[in-house]
Amino acid sequence: MTKHLNSILEGDALKKLKELPDQSVNMCMTSPPYWALRDYGVKGQLGLEPTFDEYINKLCNIFDEVKRVLRDDGTCWVNLGDTYFGSGKCAGVDNTPRTIKGKLPDKTLTMIPMRFAIEMVNRGWILRNTLIWHKPNCMPSSAKDRFTVDFEYIFFFSKKKKYYFKTQYEKGIIPAGTLGAKGSK
């Protein structure tokens, strides 16, 4: 068994996870490739599946392995963005039409983050929070018929009811519920 204390493992996520022993990881924090948005030029890469159902299944299969290697008191944090259906980006790569149960209308937000979170819970994960990562300096959208998306979701999962958690606040951030507290104006 190779010890990987504070190291970066490069390679196919599923293959690398299978090399790790059970309950050997304290925390997983990741931002996997989003569905149908980018071609990284790697054969079999995650994110170019022809359907979002296939993408969600493939992604959650990876997190099944994360769950195996995660300690019982460990946590898993996943940053995941969404995709508009029919945007003509990378899904299918060969430009074949995407086949989805009851095909979605073009321009529809596909709800990938929510579908992912639901499938993770279906596979036994405990969804503790859905956080919003607000991006105040994001690139303005070129779309003229909707608002710019200036946030992404971060899902906070645990595999057991009890896990390691320590609240930490960034300097200058006001924790929710403290506005109007004694001493404030």
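A few points on the structure. (Residues numbered from 1 in each chain as written. Predicted model: local features only at pLDDT ≥ 70, side-chain atom pairs only at ≥ 80, totals over all residues. Heavy atoms only, no water.)

**A few points about the overall build of the protein**
The helix and strand inventory of the protein stands at three helices and four strands. Secondary structure elements of the protein occur, N-terminal to C-terminal, as α-β-α-β-α-β-β. Residues counted as buried form 31% of the 185 residues belonging to the protein. Relative to all contacts within the protein whose residues are 6 or more apart in sequence, the contacts with residues 24 or more apart total 71%. In the form shown here, the protein has an accessible surface area of approximately 12800 Å², with 55% of it arising from carbon and sulfur atoms. (Helix = DSSP H or I, 4+ residues; strand = E, 2+ residues; numbered from the N terminus. Buried < 20%, exposed > 50% of the residue type's maximum accessible area, 1.4 Å probe, protein only. Contact = heavy atoms within 4.5 Å. Areas by Shrake-Rupley, 256 points an atom, 1.4 Å probe, with all protein chains shown as cover.)

**Some words on unusual backbone geometry**
With a phi close to 65°, Ala36 is a non-glycine residue in the positive phi region. Owing to a relative accessible area of 0%, Ala36 belongs among the buried residues under this scheme.

**Considerations on the packing of aromatic side chains**
Enumeration over the complete set of coordinates arrives at 12 aromatic pairs. Taken together, the ring pairs connect Phe63, Phe116, Trp125, Phe151, Tyr153, Phe155 and Phe157 into an aromatic cluster. Between the NZ or CZ atom of Lys67 and the centre of the ring of Trp125, over which it lies, the distance is 5.8 Å. (Phe/Tyr/Trp six-rings, centres within 6.5 Å; stacked < 30°, edge-to-face > 60°. Lys NZ or Arg CZ within 6 Å of the ring centre and 35° of its normal.)

**Describing the sheet that holds strand 4 (residues 151-158)**
The mixed open sheet is built from four strands, whose spatial order is 1-2-4-3. Among the strands making up the open sheet, the edge pair consists of strand 1 (25-30) and strand 3 (126-134). Neighbour-to-neighbour, the strand axes of this sheet turn through a mean angle of 15°, independent of strand direction. This element, helix 2 (residues 52-69), spans strand 1 and strand 2 (70-80) of the sheet and lies at about 150° to strand 2. (Pairing = 2+ DSSP bridges. Axes fitted to C-alpha atoms, helices over the stretch in contact; angles between N-to-C directions.)

**Quick word on the state of the cysteines**
Following the criterion strictly, the structure yields zero disulfides and no others. In this structure Cys28 is a free cysteine whose sulfur lies 4.2 Å from that of Cys76, the closest cysteine sulfur available. (Disulfide = S-S within 2.5 Å.)

**Thoughts on the pairing of strand 2**
Of all 11 residues in strand 2, eight are buried; the element is thus mostly enclosed. As paired strands, strand 1 and strand 2 are joined by five bridges and run parallel to one another. When the bridges of strand 2 are listed, Met29 appears paired with Trp77. Handedness of the crossover joining strand 1 and strand 2 through helix 2 is recorded here as right-handed. (Right-handed = clockwise from strand over helix to strand, strands pointing away.)

**Structural notes on the environment of Met139**
Checked against the element boundaries, Met139 lands in the loop between strand 3 and strand 4. Taking the C-alpha atoms as reference points, Met139 and Asp150, separated by 11 residues in sequence, lie 8.2 Å from one another.

**Re the side chain of Glu49**
With respect to the secondary-structure elements, Glu49 resides in the loop between strand 1 and helix 2. We classify Glu49 as buried; its relative accessible area is 4%. From its side chain, Glu49 meets the backbone nitrogen of Gly47 in a polar contact 2.9 Å long. (Polar contact = N/O pair within 3.5 Å; in protein donor to acceptor, adjacent residues only side chain to side chain.)

**Considering the nonpolar core**
One broad trend across soluble globular proteins is that nonpolar side chains are buried collectively. Core analysis: the largest hydrophobic core is formed by 31 residues, its most contacted members being Tyr55, Phe63, Cys76, Phe116, Trp125 and Phe157. Those elements giving two or more residues to this core turn out to be strand 1, helix 2, strand 2, helix 3 (112-122) and strand 4. Top element by residues in this core is helix 2. It accounts for nine residues. (Core = buried A, V, L, I, M, F, W, Y, C linked by side-chain atoms within 4.5 Å.)

**Some details on the environment of Leu131**
By the element assignment, Leu131 lies in strand 3. The exposure class of Leu131 is partly exposed, given its relative accessible area of 32%. For Leu131 and Tyr153, which are 22 residues apart along the polypeptide, the C-alpha to C-alpha distance reads 5.8 Å. With sequence-adjacent residues up to four places away left out, Leu131 is seen in contact with Trp77, Glu152, Tyr153 and Ile154.

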